[in-house]
Amino acid sequence: MYHVVKKRLLATGIALLEVNAPAVAAKVEPGQFVIVRMDELSERIPLTVMDFDREKGTITIVIQDVGYSSAIITGMNEGDEFQDFVGPLGVASEIENYGTVVCIGGGLGIAPVHPIARALKEAGNHVISVLGSRSADLLILEDEMRAASSEVVIATNDGSQGVKGFVTDGLAEVLAQGHQVKAIWAIGPMIMMKAVVDYTRSLGIKTIVSMNPIMVDGTGMCGACRISVGNETKFACVDGPEFDGHLVDFDLAMKRLAFYKDEENRAKARLEC
Ligand code: FES
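Engineer: How do you make sense of the overall build of the protein when you look at a structure like this?
Structural biologist: The secondary structure content of the protein amounts to nine helices and 17 strands. Compactness check: the protein gives a C-alpha radius of gyration of 18 Å against a globular reference of 19 Å for 273 residues, within 12% of the reference. Counting over 273 residues, the protein shows a buried share of 50%. If you take every contact in the protein between residues at least 6 apart in sequence, the share linking residues at least 24 apart comes to 64%. Element-wise, carbon and sulfur atoms account for 50% of the exposed surface of the protein, whose accessible area totals about 12500 Å².

Right under this line is the structure:
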């Protein structure tokens, strides 16, 4: 039932999959996620929704080949099926008319920021998107983000496109232009989100991050996704995934995320044998 309707390779090892999932597509809102599983022995992979089409009944996800299961999913083709495609999960983004907002997407984080930017623009905001990647060839979804935003600033680490540096350098350029930014969404690797909130804390700009810890059940029962927010334990799957970035303990979150790195590397190596 959850078959791939369309597949597009966005960059080396990064695939966009449009999946037939009418019940999820009927209810999903920007900021929410799904948990997918290839078969009953596979691990459950949480993926934030990149796009949805209620009429066609499809959900679009973007996945990068970084481990055993993600390599299998990245290799799926049109017609291939997921056994489970559960969602929508998590709390939707708070979309309202704030005025001028910045949507920051780093690497694969550009995918989940896409529907949020689009909804914020539809709500009347002036949406400036800052997109970051290591180099121009790894920058994904530029056209989609241009359509979803009022303005786009690009930052690449090697300077092959846009500002040379990190998304914080792109954000600095936006702020230097005198924009009165009322809120920022920042989604990407944890180290990137930490850098953004460290930068915006002193500026007093509300900064929302989308946390991507290890998840198992996705329903608040197992505790695998627990993070510390404002010195309180929160479950990213039911309390988030979005949180006030200035309150998140990123050092703890990054330590927990690295917990199973050795097992992940061993599993990936088995797949490559
Ligand atoms: Fe189990 Fe969140 S994934 S509590």
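Engineer: Whenever I open this one, the side chain of His114 confuses me. Can you help?
Structural biologist: With respect to the helices and strands, the residue His114 is situated in helix α3 (residues 110–122). Ignoring any residue separated from it by four or fewer positions in sequence, one finds His114 in contact with Met50, Asp51, Glu144, Met145 and Ala148.

Engineer: Explain the packing of helix α5 (residues 167–176) against helix α6 (residues 190–201) here, please?
Structural biologist: Between two packed helices, the angle of one axis relative to the other and the distance separating the axes together describe the packing. Where α5 contacts α6, the two axes come as close as 9 Å, and the packing angle between them is 30°. Classed by the angle they form, the pair α5 and α6 counts as roughly parallel. Like other packed secondary-structure pairs, α5 and α6 cross with a definite hand, here right-handed. On the side of α5, the interface is formed by Val167, Thr168, Leu171, Ala172 and Leu175, while α6 contributes Met192, Ala195, Val196, Tyr199 and Thr200.

Engineer: Honestly, the layout of surface pockets in this entry has me stumped. Any pointers?
Structural biologist: Empty pockets left among the atoms are what a rolling probe the size of a water molecule brings to light. Within this model, the second largest pocket holds a volume of roughly 200 Å³. Every residue lining the second largest pocket is counted, 13 residues in all, and those nearest its centre are Lys6, Leu16, Glu18, Asp51 and Thr60. Elements that contribute at least two residues to the lining of the second largest pocket include exactly β1 (2–11), β2 (14–20), β5 (51–53) and β6 (58–64). Among the elements that line the lining of the second largest pocket, the one with the most residues is β5, at three residues.

Engineer: For this particular structure, what's the right way to read the packing of aromatic side chains?
Structural biologist: Here the structure, examined in full by the defined rule, presents three aromatic pairs. Pairing Tyr2 with Phe85 gives two aromatic rings, centres 5.9 Å apart and planes at 25°, and the pair type is stacked. With Tyr2 in strand β1 and Phe85 in strand β8 (residues 84–89), this residue pair connects regions lying 83 residues apart in the sequence. Aromatic rings pair up to connect Tyr2, Phe82 and Phe85 into one cluster. Seen from the ring of Phe52, Arg118 lies directly overhead, with NZ or CZ sitting 5.7 Å from the centre.

Engineer: It is not clear to me how the pairing of β2 should be interpreted in this structure. Could you clarify?
Structural biologist: Among the seven residues of β2, seven are classified as buried, and the element is accordingly described as predominantly covered. By the alternation rule, side chains of β2 split into Ile14, Leu16, Glu18 and Asn20 and Ala15, Leu17 and Val19, which are all buried. Of the pairings in the sheet, the one linking β1 to β2 comprises six bridges and is antiparallel in character. When the bridges of β2 are listed, Lys7 appears paired with Leu17. Between the antiparallel neighbours β1 and β2 lie two residues, among them Gly13 with a positive phi of about 80°.

Engineer: Just to check I follow, could you spell out the nonpolar core for this structure?
Structural biologist: Nonpolar side chains in soluble globular proteins tend to be buried together. The biggest cluster of nonpolar side chains holds 34 residues, and the ones touching the most others in it are Val102, Ile104, Val209, Met211 and Phe250. A total of five residues in this core trace back to one element, the largest contributor, which is α6. Two domains each donate at least three residues to this core, and these are domain 1 (2–89) and domain 2 (100–257).

Engineer: Is there a simple way to explain the sheet that holds β6 in this structure?
Structural biologist: Whether parallel or antiparallel, the strands of a sheet pair through hydrogen bonds between backbone atoms. Strand order in the open sheet formed by five strands is β5-β6-β2-β1-β7, with antiparallel pairing between adjacent strands. Across the chains shown, the open sheet's two edge strands, defined by having one partner strand only, are β5 and β7 (81–82). Of the strand pairs in this sheet, β5 and β6 are connected by three bridges, and their pairing is antiparallel. Residue pairing in the sheet places Asp51 in a bridge with Thr60 of β6.

Thresholds applied
- Residues numbered from 1 in each chain as written.
- Predicted model: local features only at pLDDT ≥ 70, side-chain atom pairs only at ≥ 80, totals over all residues.
- Heavy atoms only, no water.
- Helix = DSSP H or I, 4+ residues; strand = E, 2+ residues; numbered from the N terminus.
- Rg over C-alpha atoms; globule rule 2.2 N^0.38 Å.
- Buried < 20%, exposed > 50% of the residue type's maximum accessible area, 1.4 Å probe, protein only.
- Contact = heavy atoms within 4.5 Å.
- Areas by Shrake-Rupley, 256 points an atom, 1.4 Å probe, with all protein chains shown as cover.
- Axes fitted to C-alpha atoms, helices over the stretch in contact; angles between N-to-C directions.
- Parallel < 35°, antiparallel > 145°, perpendicular 65-115°, else oblique.
- Left-handed = near helix turned anticlockwise from the far one by under 90°.
- 1 Å grid on protein atoms, 1.4 Å probe; cavity = no way out; pocket = protein on both sides within 12 Å on 5 of 7 lines; lining within 4 Å.
- Points joined across faces, edges and corners; volume = space filled by probe spheres on them.
- Phe/Tyr/Trp six-rings, centres within 6.5 Å; stacked < 30°, edge-to-face > 60°.
- Lys NZ or Arg CZ within 6 Å of the ring centre and 35° of its normal.
- Pairing = 2+ DSSP bridges.
- Core = buried A, V, L, I, M, F, W, Y, C linked by side-chain atoms within 4.5 Å.
- Domains from an automatic or database assignment.

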